[in-house]
Each structure stands twice: as C-alpha cells, then as structure tokens.
Amino acid sequence: MSGLNASLGYFLACVVLAASTRTLLKKRPRLGFLSELASSFMLVACRMEVQTIVEVGEWAGGLGPDVTLTVLSAVLLVHGAVCGDHSGNPGLSVTRFLQLEAAGAATALAVGCHFLGAHLATLAAQYYWSLELTDMHMIKNLMSSDCSTSLLVSPTQGFFTEGVCALVFHLVHLFLRRRAALIRVLSTAALLTFMSHAAKGYTSAYVNPSLAYGLTFHCPGFTFTEYALVYWLAPFTGKLHTMGKVSSFWTVYPPNRVKKKKKMDTRDSLCSPGMILALLLYMGHIPRIFAKNLLYFHKTRFRVRKGGEKEKKK
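Residues numbered from 1 in each chain as written. Predicted model: local features only at pLDDT ≥ 70, side-chain atom pairs only at ≥ 80, totals over all residues. Heavy atoms only, no water.

A word on helix H4 (residues 90-98)
Because an α-helix completes one turn every 3.6 residues, residues spaced three or four positions apart along the sequence face the same direction. Going by this rule: Only protein chains enter the accessibility calculation, which uses a 1.4 Å probe; a residue is then buried when its area is under 20% of its type maximum, exposed when over 50%, and partly exposed in between. Strands here mean DSSP runs of E at least two residues long; helices mean DSSP runs of H or I at least four residues long; both are numbered from the N terminus. Polar contacts, as counted here, are pairs of nitrogen or oxygen atoms within 3.5 Å of one another; within protein the pair requires one atom able to donate a hydrogen and one able to accept it, and residues that are adjacent in sequence qualify only if both atoms are side-chain atoms.
Along H4, the positions that sit buried rather than exposed are Pro90, Gly91, Leu92, Ser93, Thr95 and Leu98. By the N-cap criterion, in which a side-chain oxygen at the helix start approaches the backbone nitrogen of a residue two or three places on, H4 is capped by Asn89, the distance to Gly91 being 2.9 Å. Just downstream of H4 lies Leu100, where phi reads positive at about 65 degrees.

Given below as structure tokens:
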C-alpha cells in the first residue's frame, strides 16, 4: 500500500499543477492554448503512473487488476472534471477545426501544446521514478530504458483496432457534446476505461496521438513509423465494410431524418478518415470541407403552397 500512497501523492501533484495553470490562464484568454499543454501534461503524467501500477504494481506491490481499473477510471474522471473542454487530445482539436469552431492557427498551436505537454510529462515521470520512493518505482526506474510496448499485435491488427476504437470514441463524443458536463465526463471516462480494458491485449485503445507518443513510442519492439501508423494515422482512419454497419449507427443514434440511401455493392468497403467519418455520420457534412448535407435533411413544419397565396374571398 505504500506504493499506492506514493502514487496518489503523485496524482494529486499533477492535478494541482493542471488546475492552477488553468485558473491562471482564465484571466488571459489569448494564452488559452496553454491550457491544452497543462491538460496533456496531466493526462500523460497520470497515465504513465497508471501504466507503472499495471506493469509492476500487480506483482511487486500486490495490486490486483481491480485496483488498476479503479485508479484508471478515477484518473479519467478527475482529468475530465478539472480540464473540462481542454481534452489534451489532438483529434478533438482537429474535430473543432473541421466544425469551424476553431481557426487553423489556434488548432496548430493546440496540437503542438499537446505533444509538448506529453514530452514534458515523460521527463517529469522519469524524474519521479528516479527518486525510487518505493520498491515499485525502483523497479520501474531500472526498467525505464527497456519498457514494454502497448502494441502487442502486428501493426495491421493494431491499425484496425485503434481505428475502430477511435471511430466509436469520436461518435460518442459528438453525441455527448451538448449534454450536461456531469453526464459527458462520466460517460467519456467509462467509455475510455472500457476500451482500455477490452483492448489491453492489442493496443490499449489510447485514441489519443499525444498520449500514445508519451506512453509507448519510446519502447522497443517497433519502429517509429509503425507506431505512427497505428497510433497517429489509425485514429484518423476508420473502415466500415458495408453500408449495413453505417445504417446501424443511424438506427441507434438518428440525429435527424435520413435521406434516401444510394445503392451500393456490399462487396466493396467504405474507407474514410475515422474522425471525419464520425463527423460525417453525425452531421451529414464536413463544414470545413463542404456545406452540402449528404445524409440528412431538415423537414419543414409547414407546407409551402405551390401556386402562391390565394386571394381572399370577398
């Protein structure tokens, strides 16, 4: 339990740092993009400690899988509550850009802050491990140069797994963005915890390029290009094999009335960027690219007379 107590103190320090930075930046809206740096730093630093508990704590500290899942869900809940709309996820920043909710320069700054925050978090975590406050951290410090990769399958299988998880995540995020903050934070944390547990034997379902960069890109086993293919390209690339899968999303989550479907050969596959595909399924168009709605239309409440208004009877 001493190792867990030290980890809780580390988590608390990361939360206080991120919350303090966000509070200070509220008075300076022009520097708001730095809130993404603090959010990314907190997320990556805390997830690196969670990864330490998973890799070492289960056999060196006597912490079971139930403890690791509880800690992971708690970290995601606190991160969502503290950081709010600043998710620390480059994919969500690009989504806002495609929805015309953010300018190109602001999006580029935010994405740069995401990766800078992830890099600073790795340095902070390595310094924390070097202190060797507990046996768990001493072992992690010895293993830091030879860490275990999160990609436990071939790059092709990892690409497909990460792409599907990213597609589901972005769809859920789009459907929850207008909901209350409490519902949004709880649902997002539950979804990410479930996907991380379900995909732990594949890619761990990070669905966050900067998070994956901080957690697994420096681990041996695969090249930088292979990691980038799985954890950077896959979140932006999803694959639906038939229109039946697309129609299942319309049936469960109908944002509006569906336009008449075009015939399509089910033998062909529909390949499209996963994040863009999620946005297309939700809105029917990509505001940054084209304005015409390809999937849905709004039906007017009142009928418009074809012949114009009739003259009133005298």
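What to know about the packing of helix H5 (residues 104-130) against helix H6 (residues 135-143)
Applied cut-off: Helix axes are fitted to C-alpha atoms over the stretch in contact, other axes to C-alpha atoms as well, and angles between N-to-C directions run from 0 to 180 degrees. Put simply, angles under 35 degrees are roughly parallel, angles over 145 are roughly antiparallel, angles from 65 to 115 are roughly perpendicular, and the rest are oblique. Crossings are assigned a handedness: left-handed for a near helix turned anticlockwise from the far helix by less than a right angle, right-handed for a clockwise turn. Here, two residues are considered to be in contact whenever any of their heavy atoms come within 4.5 Å of each other. Any residue that is not Ala, Val, Leu, Ile, Met, Phe, Trp, Tyr, Cys, Pro, Asp, Glu, Lys or Arg is counted as polar, Gly included; the first ten are nonpolar and the last four charged.
Direction vectors running N to C along H5 and H6 enclose 120 degrees, while the axes themselves pass 8 Å from each other. Comparing the axis directions of H5 and H6 gives the class oblique. Handedness of the crossing formed by H5 with H6: left-handed. In this structure, H5 uses Tyr128, Trp129 and Ser130 to contact H6, whose residues at the interface are His137, Lys140 and Asn141. Residue classes in the contact of H5 with H6 are distributed as two nonpolar, three polar and one charged.

Overview of a nonpolar patch on the surface
Stated precisely, the cut-off is as follows: Residues form patches when they are more than 30% accessible in relative terms and have no salt bridge. Like charges link within 9 Å. Nonpolar side chains (Val, Leu, Ile, Met, Phe, Trp, Tyr) link within 5 Å. Computed with the Shrake-Rupley method and a 1.4 Å probe, the accessible areas treat only the protein chains shown as cover for residues. Salt bridge, as used here, is a side-chain nitrogen of Lys or Arg placed within 4 Å of a carboxyl oxygen of Asp or Glu.
A contiguous nonpolar surface patch, about 330 Å² in accessible area, is contributed by Leu77, Val78, Leu182 and Leu186. Counting through the fold element by element, Leu77 comes out in helix H3 (residues 65-83).

Describing the state of the cysteines
Inclusion rule: We call a pair of cysteine sulfur atoms a disulfide whenever their separation is within 2.5 Å.
For the structure on display, the rule yields one disulfide. Note on cysteine connectivity: Cys147 is disulfide-linked to Cys219, with sulfurs 2.0 Å apart. Judged by the sign of its S-S torsion, about -125 degrees, the bond between Cys147 and Cys219 is left-handed. Of the two residues, Cys147 sits in the loop between H6 and helix H7 (155-176) while Cys219 sits in the loop between helix H9 (209-215) and helix H10 (224-233), which places them 72 residues apart along the sequence. Of the cysteine sulfurs around Cys46, a residue in no disulfide, the closest is that of Cys14, at 4.3 Å. Note on Cys46: relative accessible area 2%, which makes it buried.

Quick look at the packing of aromatic side chains
For clarity, the threshold we go by: Paired rings are identified among Phe, Tyr and Trp, the last through its six-membered ring, by centres lying within 6.5 Å, and are further divided according to the angle between planes into stacked (under 30 degrees), edge-to-face (over 60) and tilted (the rest). Either the NZ atom of lysine or the CZ atom of arginine qualifies as a charge over a ring when it sits within 6 Å of the ring centre and within 35 degrees of the ring normal.
This structure, assessed with the given rule, holds 13 aromatic pairs. A centroid spacing of 5.9 Å and a plane angle of 70 degrees characterise the contact between Phe222 and Tyr227, whose relative ring orientation is edge-to-face. Three or more aromatic residues joined by ring pairs make a cluster, and in this case those are Phe115, Tyr206, Tyr213, Phe217, Phe222, Phe224, Tyr227, Tyr231 and Trp232. Looking at Lys140, its charged tip hangs above the ring of Trp129, at a distance of 5.0 Å from the centre.

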